[in-house]
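Residue-level structure breakdown
One-letter residues, chain by chain:
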Amino acid sequence: MKYEAVIGLEVHVQLRTKSKMFTRVAAGYGEPESTLVDPVVLALPGALPVMNKEALDKIIKAGLILGCEIAAVCKWDRKNYFYPDSPKNYQISQYDQPLCIGGAVEIELPGAARNVMGEHKQIPLTRIHLEEDVGKLNHGASDSLVDYNRAGTPLMEIVTDPALASADEAYALLTSLRIALVQGGISDCDMEKGQMRCDANISIRPVGETKLGTKVELKNLNSISFVRDGIAHEIRRQLAVKENGGTIVQETRDFDGQTGTSQSLRSKEMAHDYRYFPDPDLMPVNVDDAWKASIRATVPEHHFDRQRRFMADYQLPYTITSVLVPDRALADTFEATAKLGAAPQAAANWIANDLLRELARSDVGRGLSPTDGLATCKIQPAHIAGLVKLVESGVISNSIAKEVFVTMFQSGELPDVIVEKQGLKQSTDTGELAKWVTDAIAANPRAVAEFKTGNEKALNAIKGAVMKASAGKANPKLVDEITRKLIG
Amino acid sequence: MADDLIYLPAARLAELLGSGKLSSSELVQSCLARTKAVDGRVKAFNSYDETGALALAQASDQRRAAGQARGPLDGIPVGFKDVIAVAGQPLTCSSKMLANYISPYDATVTVKLKAAGAIPFGRLNMDEFAMGSSTENSAFGPTANPWDLSRVPGGSSGGSAAAVAAGEMPVSLGSDTGGSIRQPAALCGVVGLKPTYGLVSRYGLAAYASSLDQIGTMARTVEDAALVLGVIAGHDPRDSTSFKADVPDYRAELGRRKGPWRLGVPKEFFGAGLDPEVGAAVRAAIEHYRQAGCEIREVSLPLAAEYAIAVYYLIATAEASSNLARYDGVRYGHRSTKAKDVVDLYFQSRAEGFGDEVKRRIILGTHVLSSGYYDAYYLRAQKVRTLIRNEFTAVLRECDALLSPTSPTAAFKIGEKSSDPLAMYLTDIYTISVNLAGLPGISVPCGFTGGGLPIGLQLIGRPFDEAGLLAIARHYEQAHAWHTQHPSLS
């Protein structure tokens, strides 16, 4: 029998807000244990939650980015369960009325080759709701300690429909979702810092069957690659169970990305009764049209829309757009450069190659995302546009331009200033050029002879010698003309 | 001087302080002396802060000497029900669970009272986590009724009522979830005010049932209650359920509102179970208003009378089961030394830390919310609660306030009902629906039984019309002398 996989994801994303979800104490990462706390975070007797409006703004924005319907009322529920990382022993969440309903994540599957755009699909979302994160347990040899810094951080849970067919699609979904949320300023989505976490529900069924098979929940998938590996592993495991005549048990499994194996955490029988009920400490909040409209005005262009526009409007090749578009600041830099009148292709090349390379090896940009690197680096669109124009108008050669780029990245000076200061302008002095050409002809009699028999390429040896003698400043076009004239 | 002070109303003490005839230090010394003299028998206090109170009194006297007094409550000691946070003081909720817990922060009412110069004097006994009607459910033992030490002071704010009745405190704070201020006020012969839900911030009040809890005050006179309410009322950004309303000068309003009023008498609140002496005293109070030219009309609250107790014990216990989940022995509070693992730590710590009534309510509330029962219990109870609220709204459209007994009986004997939870629950039958409807209610003394036990008249007002309610209550008080009688404590 032939089987197909059906996968749904639950993605938890921490919102990037100044303070926690229900109190004014700062949200953050990497602080000394249990210092980002107050009576509300620690659930001291008498403490009460008060909603953080910035968090609500951000989830509404996320919902608008993903095309969700935004509920008219934000309602809060308590999810009751005992665990030491949960200070109140209940979590404030949204149960029957999530803030965002429906919507979809547009994904791109791997193309036939690296330079070919892959198939795009819309993966429907079930819901997005807002809740508060829990603390972190640090297990020692003889005891476990709780760090409450993370407790109370605004956390968004994004639930997809069971609509993914493969591990690759799950990988593509998380990739696209992360780009959309980072570009919207919703979250930094750093999986290493736990800002984005993913659980997957996986089942298999005979092809043609419409009912879902028994699902297994896979937890602790703490990188996008582990999500892909874990799902692929689980599908293989379920297929093997079926092939051996077994039955799939509904359970929660833990995937170890290092060893590529999984083990059962708990079965369905141990499922909690969360005793949800509306939180009496928090009044429902109306989300009116004016509020939604004010947030809608801040929603950036979707990265895939932007990519399609870059390819259509600027005639950029797919490969370079897939470097530029995932980073909003990089794409913004390109677009601003193009708007200054620089040739789009050339501008895109400078940004995607030279700018990224310099950022990666500079002190300001090393280890940062391009967005963060760009925020501190000295290169502005005017620098790149100026450089493109200098090359285009023949003032400097491409190879000189590469050096100018490095200089302006370091100093922040505009390219024409650097060219002027360092005397890098191409030589168009025909007398000087003729002397270099004459010398080169004299030094390369074989090339001259070959050219005369019709071998065009032989001319390159002479032109190369001229460039070397001029330290790259000879204008290639004039050199070509003069060489042909002198030989001919 | 000291003996003359113990039963003076706070407003009168404020005058003496203002005129320089009395210092705050003298007043606090007087309260300390009285407390030391009688509290061994009354047991109103779980603890008090002698040095802290005297230091604050001295600071108050210095402010006053410098012409910087902060208002009428400056220098006046206030007793706190042991469920409202005062930074640096115990917050035990009369539970073994929090027996050694010190609050690191102030409740909003504490912040406001401190800003007004009032002195947080000590911690008043209560039913554990405010669950009870007699103060017998305290891990530290019961409080006695100052009028008859063999009887209960009511509850759950029994210590708050007894301290005022026994002359230990001029005013105190309590909390009222189903009658926990009004019922003990009635049983101890003092004034007890439960404000409209949302008028006083709950921040810093250890939660029992969040949608019903409200902080209020016990006092010797209606005017004193107005004085304290004026300080503690008002919107608090730390409490999402606190109402954004202007707070009038309640004390000044007392003189401006003169009636006559249209007053409703809910006929169901005078049925079976009402002690005849209590009924007679309340009817006499109703007669007072009729004589004064008020229009008295009989009204009907059939749903409130029939279902309030059932609805209350579904909603309050559901909320309590969740609110009290935080007491787990992990971060603070009682931690069992017998636990084998983390789950066992929860079981053992909670088994050892909570008393029977608290456990009973947590179990009931957990059941009420559990999968398969939620719709039949919690959801249905919320719907009936809405109907009860609508019933009150309709009646209060026609009436400025409602009059009823506060409690069906006067103070009962310690131990009399402690083995019969249902009988205990019925002592709140006239007060509980007021919490479900979120309305303000006040109990004022309206007589004594033949055996010399105080009787309370309950007045129920319109939402956020405390000014009107206090004026109506004061009209009765000014024509009677019940509040000037004091227990002999012999």
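Note that the structure is predicted; figures quoted are calculated from it, not measured.

A short note on the overall build of chain B
- In terms of helices and strands, chain B carries 17 helices and eleven strands.
- Viewed in the frame of its principal axes, chain B has a C-alpha envelope of about 60 × 55 × 45 Å.
- Each of the 490 residues in chain B was classed as buried or not, and the buried ones make up 62%.
- Considering only residue pairs separated by 6 or more positions, chain B has 75% of its internal contacts joining residues 24 or more positions apart.
- Within chain B, the 49 negative side-chain charges are centred at a point lying 3 Å from the centre of the 48 positive side-chain charges.

A look at the domain arrangement of chain A
Residue and element names in this part refer to chain A.
- In terms of domains, chain A is made up of domain 1 (3–293), domain 2 (303–422) and domain 3 (430–487).
- Between the C-alpha centres of domain 1 and domain 2 there is a distance of 36 Å.
- At the boundary of domain 1 with domain 2, total buried surface from both sides reaches about 1,100 Å², with 57% on carbon and sulfur atoms.
- The tally of links between domain 1 and domain 2 comes to one salt bridge.
- Put simply, Glu 106 and Arg 308 hold a salt bridge, and the shortest N to O gap is 2.9 Å.
- Going through the elements one at a time, strand S7 (104–108) and helix H2 (167–183) are the ones with two or more residues in the side of domain 1 that touches domain 2.

A few points about the environment of Gly333(B)
- Residue position: Gly333(B) is located in the loop between helix H11 (302–323) and helix H12 (342–353).
- Leaving out residues up to four positions away in the same chain, Gly333(B) has contacts with Met97(B) and Leu98(B).

Considering the nonpolar core
- By size, the foremost hydrophobic cluster in this structure holds 145 residues, and its most contacted members are Phe129(B), Tyr289(B), Leu457(B), Leu459(B) and Leu470(B).
- The leading source of residues in this core is H11(B), at eleven residues.
- If near-sequence neighbours (up to four positions away) are discounted, Leu459(B) is found in contact with Tyr289(B), Leu402(B), Leu403(B), Pro440(B), Gly441(B), Ile442(B), Val444(B), Leu469(B), Ile472(B) and Ala473(B).
- Core analysis: the second largest hydrophobic core is formed by 63 residues, Ile70(A), Ile92(A), Leu125(A) and Met196(A) among them.

Let's talk about the interface of chain A and chain B
- Between chain A and chain B, the residue contacts involve 31 residues of the former and 39 residues of the latter.
- Taking both partners together, chain A and chain B bury about 2,800 Å²; carbon and sulfur atoms supply 57% of that area.
- Summed over the three residues of chain A that lose the most area to chain B, namely Pro45(A), Leu48(A) and Arg275(A), the buried surface amounts to 22% of that side.
- Joining chain A to chain B, the criterion identifies one salt bridge.
- Where Arg202(B) meets Asp281(A), a salt bridge forms, and the shortest distance between an N and an O atom there is 3.0 Å.

Rules used throughout
- Residues take numbers from 1 onward in each chain, read along the sequence in its written order.
- To read the labels, note that chains go from A and ligands from 1, taken in the order they are written.
- Thresholds applied to this predicted model are a pLDDT of at least 70 for local features of residues and 80 or more for the giving and counting of side-chain atom pairs; totals over whole chains, interfaces and linings are not thresholded and use all residues.
- To get the side-chain values, all heavy atoms of the structure are used, and hydrogens and water are removed first.
- Secondary structure elements follow DSSP: runs of H or I of four or more residues count as helices, runs of E of two or more count as strands, with numbering from the N terminus.
- Classification of residues uses two cut-offs on accessible area relative to the type maximum, computed with a 1.4 Å probe and protein chains only: under 20% is buried, over 50% is exposed, and between them is partly exposed.
- Residues count as neighbours in contact if any of their non-hydrogen atoms are within 4.5 Å of one another.
- Under this rule, positive means Lys or Arg and negative means Asp or Glu; His and the chain ends count for nothing.
- In plain terms, the charge of a residue is placed at NZ if it is Lys, CZ if Arg, CG if Asp and CD if Glu.
- Segmentation into domains, and thus their bounds, comes from an automatic or database assignment.
- Note on definitions: buried area is the accessible-area loss of two parts on being combined, 1.4 Å probe, summed for both.
- Every case where a carboxyl oxygen of Asp or Glu lies within 4 Å of a side-chain nitrogen of Lys or Arg is listed as a salt bridge.
- Each nonpolar core is a collection of buried residues, namely Ala, Val, Leu, Ile, Met, Phe, Trp, Tyr and Cys, held together in the definition by side-chain atoms within 4.5 Å.

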